[in-house]
Amino acid sequence: AKNIAFLKFSKRSSALERVEWIEVGNVTLAKRWVEEYEKNWTRFLRFQEGVFNEWFEGIENLDRKVFEKVLSYFDQICNYYVELTRDFITTMAVASPMGQEVRKMLGMQNAAGKGFNAMMTLEKVSKVFCELSEFYTSIPGDVIKMAKTVYQIHDHVVSLAFCKTNKVKEMSTICSTDNRVDMYKQAILSELLKNETEKSQKLFKIVNYLEEIGDACTAMGCEIVFALEGTQGFCHNDSYRILEGNR
């Protein structure tokens, strides 16, 4: 690329002019790599959002066919994530971003990883939903409420990436919602453990998977705040705690 750049100058161009032109060209190229990664990250997040929306439709309508359709997306999700990770590695190697760009890319890739974990668990919980025999009568109301709360967390986290709001304040709300998921889990499991059956074992799996999805989505939100705001924090009970040195 540097040889091609030199050809654009006449022999009378000074060595300093040529070096400056190459540096500007390399910075422009690096910026394009970073921008392309960010576009691919956004596509990955939006695709993930679409799958969660369909899954929520299955929860709302107790429709086994919707869960089966959701399961058909997971090869595509894996391919998306592999491609995004490849883009991340290539961009870091070729563009060599520095400062805030490095922080932003690391946060975005970590958020994608948390989102991917959530999606893999979404696949597991969808499979167990499909295994329930008497579908319409097999799912207790509190499990449905827990699933809807998990969806709310994911929906809120995705909006965090694109809305111009106080992201730290929004994370406090997300942490509080995630705490509600934990409370649902405790209440539901205490009931399920009173009478162990094949159905209760499946519901036990569903509840644990839902909690895992909620935790992964919440962690994803923390990474998005780090990427876009430079603030590192974590959820503690129902509040968002900022790490020392990030205030």
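Preceding this paragraph is the structure being described.
Residues numbered from 1 in each chain as written. Predicted model: local features only at pLDDT ≥ 70, side-chain atom pairs only at ≥ 80, totals over all residues. Heavy atoms only, no water.

Some points on the overall build of the protein chain
What counts here: Helix and strand assignments come from DSSP, with helices taken as H or I runs of at least 4 residues and strands as E runs of at least 2, each series counted from the N terminus. Burial classification: accessible surface area is computed with a 1.4 Å probe over protein chains only, and a residue below 20% of its type maximum counts as buried, one above 50% as exposed, and the rest as partly exposed. In this analysis, two residues are considered to be in contact whenever any of their non-hydrogen atoms come within 4.5 Å of each other. We get accessible surface area from the Shrake-Rupley algorithm with a probe of 1.4 Å; when it comes to residues, only the shown protein chains can shield them.
Looking only at helices and strands, one finds 9 helices and 2 strands in the protein chain. Starting at the N terminus and ending at the C terminus, the protein chain contains elements arranged as α-α-α-α-α-α-α-α-α-β-β. Counting over 247 residues, the protein chain shows a buried share of 45%. When contacts within the protein chain are restricted to residue pairs at least 6 apart in sequence, those whose partners lie at least 24 apart make up 75%. Accessible surface for the protein chain amounts to roughly 13,600 Å². Of this, 51% is attributable to carbon and sulfur atoms.

Concerning the pairing of strand 2 (residues 239–242)
Counted only if it meets this: A pair of strands is labelled paired if DSSP reports no fewer than 2 bridges between them.
Both strand 1 (residues 233–236) and strand 2 contribute to a ladder of 4 bridges, which runs antiparallel. Among the inter-strand pairings, F234 is bridged to a residue of strand 2, identified as R241.

A closer look at a nonpolar patch on the surface
Using the following cut-off: In this scheme, patches are assembled from residues that exceed 30% relative accessible area and form no salt bridge. Like charges are connected within 9 Å, while nonpolar side chains (Val, Leu, Ile, Met, Phe, Trp, Tyr) are connected within 5 Å. In what follows, salt bridge is the name for a side-chain nitrogen of Lys or Arg lying within 4 Å of a carboxyl oxygen of Asp or Glu.
Together, L29, W33 and V94 line one region of the surface with nonpolar side chains, adding up to about 250 Å² of accessible area. Relative to the assigned elements, W33 resides in helix 2 (residues 15–61). The class of W33 is partly exposed, set by a relative accessible area of 31%.

Some thoughts on helix 3 (residues 64–71)
Which entries qualify depends on this criterion: The directions considered for the arc are those from the helix axis to the C-beta atoms. The definition of a polar contact used here is a pair of N or O atoms within 3.5 Å, where within protein one atom must be able to donate a hydrogen and the other to accept one, and adjacent residues in sequence count solely through side-chain atom pairs.
Of the residues making up helix 3, those classed as buried are V66, F67 and V70. Seen end-on, helix 3 carries its buried residues on one side only, within an arc spanning 100°. Where helix 3 begins, the side chain of D63 points an oxygen toward the backbone nitrogen of K65, at a separation of 3.0 Å.

Observations concerning the packing of aromatic side chains
Which entries qualify depends on this criterion: Stacked, edge-to-face and tilted labels apply to pairs of Phe, Tyr and Trp rings (six-membered ring for Trp) whose centres lie within 6.5 Å, assigned for plane angles under 30 degrees, over 60, and everything in between, in that order. Charge-over-ring contacts are defined here by two conditions on Lys NZ or Arg CZ: a distance within 6 Å of the ring centre and an angle within 35 degrees of the ring normal.
All told, the structure shown has 8 aromatic pairs when counted by the stated rule. When the ring of F44 is compared with that of Y81, the centres are 6.0 Å apart and the planes differ by 40°; the resulting orientation is tilted. With F44 in helix 2 and Y81 in helix 4 (residues 74–95), this pair connects stretches of sequence that are 37 residues apart. Ring centres of F52 and W55 lie 6.2 Å apart, and the angle between their planes is 70°; this geometry places the pair in the edge-to-face category. Of the two residues, F52 and W55 both sit in helix 2, 3 residues apart, roughly one turn of that helix. The buried category is assigned to W55, whose relative accessible area is 0%. Put simply, the rings of F44, Y81 and F116 pair up and form one aromatic cluster. Directly above the ring of F162 sits R46, whose terminal nitrogen or CZ lies 3.9 Å from the centroid.

Overview of the state of the cysteines
Should the sulfur atoms of two cysteines be covalently bonded, the bond is a disulfide. Cut-off, in case you're wondering: Count a disulfide wherever a pair of cysteine sulfur atoms falls within 2.5 Å.
Per the counting criterion, the structure on display carries 1 disulfide. C175 shares a disulfide with C235; S-S distance 1.8 Å. Taking the sign of the S-S torsion, about -70° here, the bridge from C175 to C235 comes out left-handed. Note that C175 is positioned in helix 8 (residues 167–192) and C235 in strand 1, a separation of 60 residues in sequence. Judged by its relative accessible area of 1%, C175 is buried. Note on C235: relative accessible area 26%, which makes it partly exposed. Looking at the unpaired C222, the closest cysteine sulfur is the one in C235, lying at 4.7 Å. Owing to a relative accessible area of 12%, C222 belongs among the buried residues under this scheme.

Let's talk about the nonpolar core
We apply this condition: Nonpolar core, defined: a set of buried Ala, Val, Leu, Ile, Met, Phe, Trp, Tyr and Cys residues in which side-chain atoms within 4.5 Å join the residues together.
Of all hydrophobic cores here, the largest spans 69 residues; its most connected members are W41, W55 and L122. Secondary-structure elements contributing two or more residues to this core are helix 2, helix 3, helix 4, helix 5 (100–131), helix 7 (141–162), helix 8 and helix 9 (198–229). Apart from the residues lying within four places of it in its own chain, the contact partners of W55 are F67, V70, L122, V125, S126, F129, A147, Y151 and L210.

Concerning the pattern of salt bridges
For the coordinates displayed, the defined rule picks out 8 salt bridges. Residues K127 and E123 are paired through a salt bridge, measuring 3.9 Å at the closest nitrogen-oxygen approach. One end of the pair, K127, and the other, E123, are both in helix 5, 4 residues apart, so they sit about a helical turn from each other. The class for K127 is partly exposed, based on a relative accessible area of 44%. Between E211 and K185 there is a salt bridge; the shortest N-O distance is 2.6 Å. Here K185 lies in helix 8 and E211 lies in helix 9, a separation of 26 residues in the sequence.

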